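Residues per chain are reported as follows:
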Amino acid sequence: HADGTQLMPTMLFDEPFYLAINQARWDALQRMMRLAEDAGGPIASVVDLGCGPGWFAGRLAEQGRGVLGLEGRQGVVEEARARAPGAQFETVDFDATGFKGLPEPADAVLCFGLLYHLENPIRALRMCRALCRGTLFLETMIIPEEGALGRLVPENPNETQGIRPLALILSPEAIAHAAHASGFSYIYRMAGAAVGHEDFIDTSERRRRREMYLCCDFAVKDPDFALVVPEALRRYRF
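In this text, all values refer to a predicted model and were calculated from it rather than measured experimentally.

**Q** So what's going on with the packing of aromatic side chains? Residues and values would help.
**A** According to the stated counting rule, one finds 4 aromatic pairs in the structure shown. Considering the side-chain rings of Trp26 and Phe56, the 6.4 Å spacing of their centres and the 35 degrees angle between planes classify their relative orientation as tilted. With a gap of 30 residues between them, Trp26 in helix α1 (residues 16-40) and Phe56 in helix α2 (residues 55-62) connect regions that are remote in the sequence. Classification of Phe56 as buried rests on a relative accessible area of 5%.

Next up, the structure:
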């Protein structure tokens, strides 16, 4: 790198399985963006929350959108700056950064592959709401179980992943409740078959591991996008 920073020659993000899921995410995102722009207006600016080495940020910038990528590890940020020079990048500790220090809201937030690396995924959804003017494109791993649940797990030890030793993975119902509580009026789940990757589809051998959502302040109509209306939570005495 010109400034003397030692970049990573290969990363987890460069592995074939990761490139395949990123391509499926990207194809799905293009459809989601068209749907959102048709209903809510142009998306000229995007905050990519948990941007990694800039795979999505670079492509969004190539479309002429203003992109700010936020990432938790400084080394990954430097890699993103080298790989996606058309976007801007900053280092942010998602579990600890104060909301008053956040950048100005963009038209939309992209949050792909972040929530399941964090100790506080609900806080991250509130951060998404604070960083956008009404549109969130969300992709995350889930625990495929009924109910508003979370499961605490050890974080991936890879140097490009989460920065704390624990992560909390949420169920689909918990994600829907958290998105509503964060201030999004409409939460739509994209049908797994429409995403085009096995991780998003239930099979006889295993249940899906991932979900994609469009969270927004306007209604959309598309047969592959189901409005999620979670049942009211009740407070139990343990």
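**Q** So what's going on with the nonpolar core? Residues and values would help.
**A** Leu29, Leu60, Phe89, Leu110, Phe137, Met212 and Leu214 are the most contacted members of the largest nonpolar core, which totals 41 residues. A per-element tally of this core places α1 first, with 10 residues. Residues Leu70, Leu114, Leu138 and Leu170 belong to the second largest nonpolar core, which totals 31 residues.

**Q** I'd love a proper account of the side chain of Asp107, names of residues and values included.
**A** Residue position: Asp107 is located in strand β4 (residues 106-112). A distance of 2.8 Å separates the side chain of Asp107 from the backbone nitrogen of Ala44, its partner in a polar contact. Ignoring any residue separated from it by four or fewer positions in sequence, one finds Asp107 in contact with Pro42, Ile43, Ala44, Ser45, Cys132, Arg133, Gly134 and Thr135.

How each quantity is defined
Residues numbered from 1 in each chain as written. Predicted model: local features only at pLDDT ≥ 70, side-chain atom pairs only at ≥ 80, totals over all residues. Heavy atoms only, no water. Phe/Tyr/Trp six-rings, centres within 6.5 Å; stacked < 30°, edge-to-face > 60°. Helix = DSSP H or I, 4+ residues; strand = E, 2+ residues; numbered from the N terminus. Buried < 20%, exposed > 50% of the residue type's maximum accessible area, 1.4 Å probe, protein only. Core = buried A, V, L, I, M, F, W, Y, C linked by side-chain atoms within 4.5 Å. Polar contact = N/O pair within 3.5 Å; in protein donor to acceptor, adjacent residues only side chain to side chain. Contact = heavy atoms within 4.5 Å.

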